Structures are given as structure tokens and as C-alpha cells.
Amino acid sequence: MKRLKIDAIDLFYQHRVDTSVPIEEAAGTVRDLIKEGKVKHFGLSEAGARTIRRAHAVQPVTALQSECSLWFRRPEEEVIPTLEELGIGFVPFSPLGKGFRTGKMDEHTKFESSDFRNLVPRFSADNREANQVMVELLSAIATRKEATQAQVALAWLLEQKPWIVPIPGTKRLDRLEENIGAAEVELSAEDLREIEKAASAIKIQGARYPEQMEKRTGLRTMGLPTRRQRRRMRCKSES
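No experiment lies behind these values; they were computed from the predicted model shown. Counting of residues starts from 1 at the beginning of each chain's written sequence and follows it residue by residue. Local features are withheld for residues below a pLDDT of 70 in this predicted model, meaning they are given only at 70 or higher, and side-chain atom pairs are given and counted only at 80 or more; totals for whole chains, interfaces and linings count all residues. The side-chain quantities take in all heavy atoms of the structure and omit both hydrogens and water.

So, the pattern of salt bridges
As a reminder, the rule being used: Take a side-chain nitrogen of Lys or Arg and a carboxyl oxygen of Asp or Glu: if they are within 4 Å of each other, that pair is a salt bridge. Strands here mean DSSP runs of E at least two residues long; helices mean DSSP runs of H or I at least four residues long; both are numbered from the N terminus. A simple rule labels every residue: compare its accessible area, found with a 1.4 Å probe on the protein chains alone, to the largest value its type can have, and call it buried under 20%, exposed over 50%, or partly exposed in between.
If you walk through the whole model with that rule in mind, you get 13 salt bridges. A salt bridge links Lys40 to Asp10; the shortest N-O distance between them is 3.2 Å. Of the two residues, Lys40 sits in strand S2 (residues 39-45) while Asp10 sits in strand S1 (residues 9-14), which places them 30 residues apart along the sequence. The partly exposed category is assigned to Lys40, whose relative accessible area is 48%. What makes Asp10 partly exposed here is its relative accessible area of 48%. In this structure, the salt-bridge partner of Glu178 is Arg175, at a minimum N-O distance of 3.0 Å.

Structural data, given as C-alpha cells:
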């Protein structure tokens, strides 16, 4: 806070659930920070529905940040309904599939040696080639809407719920301006049905993370406490 020269942090995320600490402890710590005036709102990242409920019972959660897009839709199963029930905002990261759905890469694209996508199964050359069908779907709609593929992908997310705010990442001003333009793209109910029908028939190839990394996300565990956590929680309740 001193370095940022601010009096309070507007939204304080637990950026990935720590499976070694009961979520109630994390939520309680943020609750204390809110009481002290250092934090205004509590956020979670990649938490499953059960974890969200447990945290929310201790300190109301304002926002959840998780990956979600036409490329990765698992949050629709349990997480998004839970957020709607509890009145929690949703902040999807990687709404453009880490750049894939911009239509600017294919199986021949080479990444720098330090690029994280080199480790991601979904970005192997074979999987990129297989997943081009998703790019083709967006391309057809983008042409009709006089928009870019990235704008259509973002517009689709914005149409899902009024409390969904995607956060596309970019280092370039022209891409930032392109992303902002997605708010002006209007998708009709017929457009959305067309996208849904076509997307439901597409099976994306490759995992979104290496296996060991996926195991650390709340969406993989669905927020269930580990045996160690349950033992610690029992000891606390007995004491």
C-alpha cells in the first residue's frame, strides 16, 4: 500500500486456493483486513463452487477470477450458477484462449523459449491444428458482424451475464483498442444460438495446463478439503 501510495486495496484476491490452509482461515484474514480498512473487497481465483460457498460464509466474496471462454467452459457447470445465487461477480481470464482465438496463430507459429504456452498441451502444434475449427467458427461470424474474431469472442462472454467482466491481456495499444471495441459488437439471440450449436459440436484438443499445474487449481478439486484440512478443522471445532 505504501509503494502504491493508496489507503486501501479495492479488490484483494487470493490468487489460487491454498490447499494447505482451510479457506475459512484465508477468508477470515481478509475479513480482518477489511475491518481494519486496508481492503475493501475480497476476491478468489480458480475456486470451485464448494470453496466459494465456504469462503463466502465467513467473508462475502465480491468477485471470482477464473478461466472461461468458448475455449474453456467448465465454470458453466457449477461455478457460474453459484456466483449468480450468491451475487458474486465473475472475471474470466484468458477470454481469448491465450491468444489462440484472435486468429493470429496456427500450427506453424513459433513461441519464444520463455513463453508459457510451450508447456501447455493445448498449444502443441498438432492440437493447434486440430483446434483451428474454433477459429473458423469465430471468423465466419466476425466477417458478418464486421468485427474481429477477438471481438466476437469477447462479445459472446459479455452476453452471457451482465455481471461478467472479462480481462483480456495485451501489451499493445492497438490490441487494447480492439478489445474495447468488443463492447460495441451486438450478438442477437439467433447469433448466440448459432455459436452455441456450433461450439457444442467442437471438441477442443489438449489440456489447458500441464497435469501437475491443473491439480493445483480449485476447478480440478472442486474445492473439496483435503484429508489434512478436514483433520485440522475437526481439531479446531473440538477445541
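Next comes the rest of the account.
Observations concerning unusual backbone geometry
One non-glycine residue, Arg16, adopts positive backbone phi at about 100°. Inspection of the secondary structure puts Arg16 in the loop between S1 and helix H1 (23-35). With a phi close to 50°, Ser94 is a non-glycine residue in the positive phi region. Mapping Ser94 onto the fold places it in the loop between strand S4 (89-93) and helix H4 (125-130). Judged by relative accessible area, which is 16%, Ser94 ranks as buried.

Notes on H1
Put simply, the rule is: The span you would expect from a helix comes to 1.5 Å times its residue count less one. Any two residues having at least one pair of non-hydrogen atoms within 4.5 Å are treated as being in contact.
When the terminal C-alpha atoms of H1 are compared, their 18 Å separation across 13 residues agrees well with the 18 Å that a helix rising 1.5 Å per residue should span. Those residues of H1 that sit buried are Ile23, Ala26, Ala27, Gly28 and Val30. Those residues of H1 hidden inside the fold are in contact with S1, S2 and helix H2 (49-58). Once H1 ends, the next one or two residues include Gly37, with phi positive near 85°.

Side note on the sheet that holds S4
Formally: Two strands are counted as paired when DSSP detects at least two bridges linking them. Fitted lines through C-alpha atoms give the axes, limited to the stretch in contact for helices. The angle between two N-to-C directions lies from 0 to 180 degrees.
Taken together, four strands build an open sheet; the order of strands is S1-S2-S3-S4 and the sheet is parallel. Two strands bound the open sheet, and with one partner strand each, they are S1 and S4. In this sheet, adjacent strand axes meet at a mean angle of 30° when their direction is disregarded. Bridge count for strand S3 (residues 61-67) against S4 is five bridges, and the pairing is parallel. Bridging across to S4, Gln65 finds its partner in Val91.

Quick notes on the side chain of Glu178
Operational definition: N or O atoms within 3.5 Å of each other form a polar contact, as long as, within protein, one can give a hydrogen and the other can take it, and as long as residues adjacent in sequence are counted only when both atoms are side-chain atoms.
Along the polypeptide, Glu178 turns up in helix H7 (residues 173-180). Engagement of the side chain of Glu178 in a polar contact is seen with the side chain of Arg175, the distance being 3.0 Å. Setting aside anything within four residues of it in sequence, one finds Glu178 in contact with Thr148, Ala150 and Gln151.

Here's the deal with the nonpolar core
Where a protein is soluble and globular, its nonpolar side chains tend to be buried together. What counts, and what does not: Here the nonpolar core consists of buried residues drawn from Ala, Val, Leu, Ile, Met, Phe, Trp, Tyr and Cys, with membership extended through side-chain atoms lying within 4.5 Å.
In terms of nonpolar packing, the biggest core is built from 42 residues, with Leu44, Ile52 and Leu64 touching the most fellow members. Mapped onto this core, the elements with two or more residues apiece are H1, S2, H2, S3, helix H3 (79-86), helix H5 (132-145), helix H6 (149-160) and helix H8 (189-200). No other element matches the seven residues that H6 contributes to this core. Residues within four places of Leu64 in sequence aside, it is in contact with Leu44, Ser45, Glu46, Ala47, Ile52, Val79, Leu83, Ile88, Gly89, Phe90 and Val91.

Regarding the packing of H5 against H6
To characterise two packed helices, one gives the angle between the axes of the helices and the distance between these axes. Stated precisely, the cut-off is as follows: Roughly parallel means an angle under 35 degrees; roughly antiparallel means over 145; roughly perpendicular covers 65 to 115; every other angle is labelled oblique. Ten residue types, Ala, Val, Leu, Ile, Met, Phe, Trp, Tyr, Cys and Pro, are classed as nonpolar, four, Asp, Glu, Lys and Arg, as charged, and the remainder, Gly among them, as polar.
Close contact between H5 and H6 brings their axes to 8 Å; oriented N to C, the two are set at 95°. Here H5 is positioned roughly perpendicular relative to H6, judged by the angle of their axes. Across the interface between the two elements, Val135, Leu138, Ser139, Ile141 and Ala142 from H5 touch Gln149, Val152 and Ala153 from H6. When its residues are assigned to classes, the contact of H5 with H6 shows six nonpolar, two polar and no charged.

Structural notes on the packing of H1 against H2
Rule in force here: Each crossing gets its hand from how the near helix is turned against the far one by less than a right angle, where anticlockwise is left-handed and clockwise is right-handed.
The N-to-C vectors of H1 and H2 enclose an angle of 35°; their axes lie 8 Å apart at closest approach. Between H1 and H2 lies a crossing whose hand is right-handed. Of the residues in H2, those touching H1 at Ile23, Glu24, Ala27, Gly28 and Arg31 are Thr51, Arg54, Ala55 and Val58.

With respect to a nonpolar patch on the surface
To be explicit about the condition: Like-charged residues are merged into a patch within 9 Å and nonpolar side chains (Val, Leu, Ile, Met, Phe, Trp, Tyr) within 5 Å, provided each residue has over 30% relative accessible area and no salt bridge. For the area figures, the Shrake-Rupley method with a 1.4 Å probe applies, and any residue is considered shielded solely by the protein chains shown.
Together, Met1, Leu4 and Ile6 make up an exposed nonpolar region whose accessible area comes to about 270 Å². Residue Met1 is classed as partly exposed on the basis of its relative accessible area, which comes to 36%.

Concerning the side chain of Ser69
Along the chain, the position of Ser69 falls in the loop between S3 and H3. Of note is the side chain of Ser69, whose polar atom sits 3.0 Å from the backbone nitrogen of Trp71.

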